[in-house]
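Structural overview for review
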Amino acid sequence: MGPTRKPNVCSQLSRRALGFFARDAGVVQRTNLGILRALVCQESTKFKNVWTTHSKSPIAYERGRIYFDNYRCCVSSVASEPRKLYEMPKCPKSEKIEDALLWECPVGDVLSSPSDYKSSLIALTAHNWLLRISATTGKILEKIYLASYCKFRYLSWDTPQEVITIKSAQNKCSVLARQAGIQQTVLLYLAVFRVLPFSLVGIVEINKRIFGNVTDATLSHGILIVMYSSGLVRLYSFQAITEQIRHPCSLRYHPWKMLFRLEAILGTTSSRPIRRNRKEFSIFVP
């Protein structure tokens, strides 16, 4: 067999324009990456260093924007030479931005403020503030304080561009508490917010007394995912949870905290048979 023939970039671009490739998003993505790889890795390609910078903190990239200094300095990489879009004022380490997500304006929605039609950065600070920052000016458009009883650290999309999940750091039992026989039952908290404007859906407490020896939990696409050290993974419908707790009769008597039952487990994976039981746990609502 002879040497493998490299794909012709011009031919691939022409075929893509004529619709020769499958309409599946994965096929198009792999084709585009293959074209980019062919252009970057060919021997005749030469690169010119147009800009260099250094950062003591991790550097993040999102949609043509480079973030430095824990998201407080933003540089646009769209032009031939990067230019600074904004730099937020310096702040103490206790107020730094821990994590961030880029929010894009929804198409076809009527929004209350002209600034809402532009991209925003949803940021989580070390002192538990949730911020919405203009992606072009760095101005804080919206802010809300989360809680004082735990430290929130991670941001992720539950429903992309609509609902966010804020995950706390895992609670660790101190040496003195272990020596005294005191066990930490609450592993972590999951706060769920709708964006624009921020509105609380609920805060879920992952409690070991209820879930057992759980090691981690997260929320994605309306599914509460609970993981165990044995390899067991359980899936719960978060929509069913919120529908139960927002029953008017329940809210009338317990407006700040209530217990509810999960009527069914959506899915269970494990290396051994699992007995499906109903579970009870608590959720905080506004």
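Residues numbered from 1 in each chain as written. Predicted model: local features only at pLDDT ≥ 70, side-chain atom pairs only at ≥ 80, totals over all residues. Heavy atoms only, no water.

In the annotation of an unreviewed UniProt entry, the protein chain is listed under the name DDB1 and CUL4 associated factor 17 and assigned to Chinchilla lanigera.

Time to look at the pairing of strand β7 (residues 129-134). The element β7 is largely enclosed, with a buried count of five among its six residues. Judged from the five bridges that link them, strand β6 (residues 120-125) and β7 form a sheet pairing that is antiparallel. By the bridge assignment for β7, S120 is matched with S134. The turn joining β6 and β7, which pair antiparallel and follow one another in sequence, is formed by three residues; a positive phi near 70 degrees is taken by N128. For β7 and strand β8 (residues 140-145), the ladder comprises five bridges, and the chain directions are antiparallel. What sits directly across from W129, in β8, is Y145. The antiparallel pairing of β7 with β8 creates a hairpin that spans five residues between the two strands, and G138 there sits at a positive phi of about 80 degrees. (Buried < 20%, exposed > 50% of the residue type's maximum accessible area, 1.4 Å probe, protein only. Helix = DSSP H or I, 4+ residues; strand = E, 2+ residues; numbered from the N terminus. Pairing = 2+ DSSP bridges.)

Along the chain, K172 turns up in the loop between β10 (163-168) and α3 (175-179). A residue is classified by how much of its surface remains accessible, and K172, at 66% relative accessible area, is exposed. On a C-alpha basis, the gap between K172 and L187 in space is 7.9 Å, while along the polypeptide they are 15 residues apart.

Right, let's get into the nonpolar core. Judged by nonpolar contacts, the single largest core of 21 residues is most densely connected at I122, L130, F152, L155, I164, I166 and F193. Setting aside chain neighbours within four positions, we find F193 in contact with L130, I144, L146, E162, V163, I164, I166, F198, S199, L200 and V201. Counting residues in each nonpolar core, the second largest holds 19 residues, with L188, L190, V192 and A217 among its members. (Core = buried A, V, L, I, M, F, W, Y, C linked by side-chain atoms within 4.5 Å. Contact = heavy atoms within 4.5 Å.)

Here the focus is the pairing of strand β12 (residues 199-207). Along β12, seven of the nine residues are buried, which leaves the element largely enclosed by surrounding structure. Hairpin connection from strand β11 (residues 186-194) to β12: four residues lie between these consecutive antiparallel strands, with L196 at a positive phi of about 55 degrees.

In the structure shown here, the tally under the stated rule is five aromatic pairs. With a centroid separation of 5.5 Å and 45 degrees between ring planes, the pair formed by Y67 and Y71 is classed as tilted. One cation-aromatic arrangement involves K143 over W129; the distance from NZ or CZ to the ring centre is 4.6 Å. (Phe/Tyr/Trp six-rings, centres within 6.5 Å; stacked < 30°, edge-to-face > 60°. Lys NZ or Arg CZ within 6 Å of the ring centre and 35° of its normal.)

With that settled, consider the pattern of salt bridges. What the rule picks out here adds up to six salt bridges. Between E104 and R63 there is a salt bridge whose closest N-O contact spans 3.0 Å. Taken together, the residues E104 in the loop between β5 (97-103) and β6 and R63 in the loop between β1 (60-62) and β2 (65-68) connect sequence positions 41 residues apart. Of the residues examined, R63 reaches a relative accessible area of 53% and is grouped as exposed. Across the salt bridge formed by K84 and E87, the nearest N and O atoms sit 2.9 Å from each other. (Salt bridge = Lys/Arg side-chain N within 4 Å of Asp/Glu carboxyl O.)

With that settled, the discussion passes to the sheet that holds strand β4 (residues 83-87). What the four strands build is an open sheet, ordered β1-β2-β3-β4; its pairing is antiparallel. Single-partner strands in this sheet number two, and they are β1 and β4. Averaged over all neighbouring strand pairs, the angle between strand axes comes to 25 degrees, with direction disregarded. With three bridges connecting them, β1 and β2 associate as antiparallel partners. Bridge assignment links A60 to a residue of β2, and that residue is Y67. (Axes fitted to C-alpha atoms, helices over the stretch in contact; angles between N-to-C directions.)

Together, L33, L36, L39, V40 and F47 make up a nonpolar patch on the protein surface, roughly 500 Å² of accessible area in all. As for its position among the elements, V40 is in helix α2 (residues 25-41). (Patch = residues over 30% accessible without salt bridge, like charges linked within 9 Å, V, L, I, M, F, W, Y side chains within 5 Å. Areas by Shrake-Rupley, 256 points an atom, 1.4 Å probe, with all protein chains shown as cover.)

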